[in-house]
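Spelled out, the chains give:
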Amino acid sequence: MTISEWVERSSKYIDRLDAEVILTHYLNVHDRSYLVAHDDEELPDNIQQACDIMLAARMRGKPLAYILGYKEFYGRRFIVTPEVLIPRPETEEIIDFAIAAKPKSIVDVGTGSGCIAITLALELPKAEVTAIDISDTALSVAQKNAMQLGAKIDFRKNDLIEGLTLPEEPLIVANLPYVDKTWNWLDKNSLSYEPQLALYAQKEGLELIYRLIDQINIPCRLLLEADPSQREQIKKYAKEHGFKFIRARNYILSFKK
Ligand SMILES: C[S@@+](CC[C@H](N)C(=O)[O-])C[C@H]1O[C@@H](n2cnc3c(N)ncnc32)[C@H](O)[C@@H]1O
């Protein structure tokens, strides 16, 4: 089977773009333009077999990032395994907010793949960065990413920031689980591949965000990711707990204490 025949056949079952990405991955080429330039070349049997297995996985709904084993975030490639949430494009905005805040120290709560902590450590090399997660397996993926990308991070296994001594006036960033299982717009099949611990929270998705707000008892800046439908509830709760609301955009809320 030629390259173009494989793409044509696969595009009947999955997105054409996903099919092309799978093929470029297994052909070990960087650019999809390679597929156009070599469209009538025969695919070696072993590559076609590997691509067919991935095609079948994608047809069952497995996210492309878990098939490939990586996901781009803020221009860098992060290892992802089913133990960590796949970094989302909406989370990149937290990086822009954080850079604008010019922090001396950063605490990333719920680090997962480490995408926020590592990106900030590389974008703000003078800042001291701590990254926390309750999951051992997520922390080991984050540590691999930090090593691969050359970021210096202090990783901690902890329940949010309970009992930790934080640096003076840190920037706390947190993309904690905030999905309410009852939301009817969720793509339950695709989400079933991701760690439930990374996605869902009780109390309409707000339990962990509220608990983090309760735990913060020092002056700091706080950047939270949440669904825009949760914004007013979070603002109210944070204000009742001594935070001043600064601004919000899309999925990100910014506070000061
Ligand atoms: C939504 S994922 C975010 C991952 C990553 N920061 C990102 O933006 O892609 C939330 C992370 O919080 C972690 N987590 C859940 N409960 C926690 C807790 N009580 N304390 C610390 N981390 C927790 C999960 O293991 C998961 O890695």
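Shown above is the structure to which this text applies.
I will try to describe carefully the structure that is included in this document. Note that this is a predicted model, so its numbers are computed, not measured. Along each chain, residue indices are assigned from 1 in the same order as the chain's sequence is written. Predicted model: local features are reported for residues with pLDDT of at least 70 only, side-chain atom pairs are reported and counted for 80 or more only, and whole-chain, interface and lining totals are derived from all residues.

**Points about the sheet that holds strand β3 (residues 105–109)**
In step 1: Being paired, for any two strands, means DSSP has found at least two bridges between them. Think of it this way: any DSSP run of H or I at least four residues long counts as a helix, any run of E at least two long counts as a strand, and we number them from the N terminus. Spatial ordering of the open sheet is given by β5-β4-β3-β6-β7-β9-β8, a layout of 7 strands whose pairing is mixed. Across the chains shown, the open sheet's two edge strands, defined by having one partner strand only, are β5 (154–157) and β8 (244–249). For this sheet, the mean angle separating the axes of adjacent strands, direction not counted, is 15°.
In step 2: Examined bridge by bridge, β8 and strand β9 (residues 252–256) share 5 bridges and lie antiparallel to one another. Among the inter-strand pairings, Arg 247 is bridged to a residue of β9, identified as Ser 254.
In step 3: Across the sheet, helix α8 (residues 136–149) touches β4 (128–133) and β5, and the angle it forms with β5 is around 170°. Between N-to-C directions, angles span 0 to 180 degrees; the directions come from axes that are lines fitted to C-alpha atoms, helices contributing only their stretch in contact. Here, residues touch in the contact sense if the C-beta positions derived from the backbone fall within 7 Å of one another.

**Considerations on the pairing of β5**
In step 1: Here β4 runs beside β5; their pairing, made up of 4 bridges, is parallel. Among the inter-strand pairings, Asp 133 is bridged to a residue of β5, identified as Lys 157.
In step 2: Handedness of a crossover: with both strands directed away from the viewer, a clockwise path from the first strand across the helix to the second marks it as right-handed. In the classification by handedness, the crossover that spans β4, the intervening α8 and the parallel β5 is right-handed.

**Digging into the packing of helix α1 (residues 3–10) against helix α2 (residues 16–27)**
Any two packed helices are characterised by the angle at which their axes cross and by the distance between the axes.
In step 1: At their nearest, the axes of α1 and α2 sit 9 Å apart, and the two run at 140° to each other. As the angle between them shows, α1 and α2 are arranged oblique. Taken as a pair, α1 and α2 cross one another with a handedness that is right-handed. Judged by residue contacts, Ile 3, Trp 6, Val 7 and Ser 10 of α1 engage Arg 16, Ala 19, Glu 20 and Leu 23 from α2.
In step 2: Note on residue categories: nonpolar means Ala, Val, Leu, Ile, Met, Phe, Trp, Tyr, Cys or Pro, charged means Asp, Glu, Lys or Arg, and polar means any other residue, Gly included. Residues of the contact of α1 with α2, tallied by class, amount to 5 nonpolar, 1 polar and 2 charged. In these notes the angle categories are as follows: under 35 degrees is roughly parallel, over 145 is roughly antiparallel, 65 to 115 is roughly perpendicular, and the rest is oblique. Take the far helix as the reference: if the near one is turned anticlockwise from it by less than a right angle, the crossing is left-handed, and if turned clockwise, right-handed.

**Here we look at the nonpolar core**
In step 1: Core analysis: the biggest nonpolar cluster contains 57 residues, and Ala 98, Leu 120, Ile 172, Val 173, Ile 209 and Leu 223 have the highest contact counts within it.
In step 2: Here this core takes 6 residues from helix α7 (residues 115–123), the largest share from any one element.
In step 3: Discounting residues that sit within four places of it in the chain, Leu 223 has contacts with Ile 94, Phe 97, Ala 98, Leu 171, Val 173, Ile 252 and Ser 254. Only buried Ala, Val, Leu, Ile, Met, Phe, Trp, Tyr and Cys residues enter a nonpolar core, and they are joined through C-beta atoms within 7 Å. To sort residues by burial, count the other C-beta atoms lying within 10 Å of each one's C-beta; a count of 20 or more means buried, 12 or fewer means exposed, and anything in between means partly exposed. C-beta atoms are built from the backbone.

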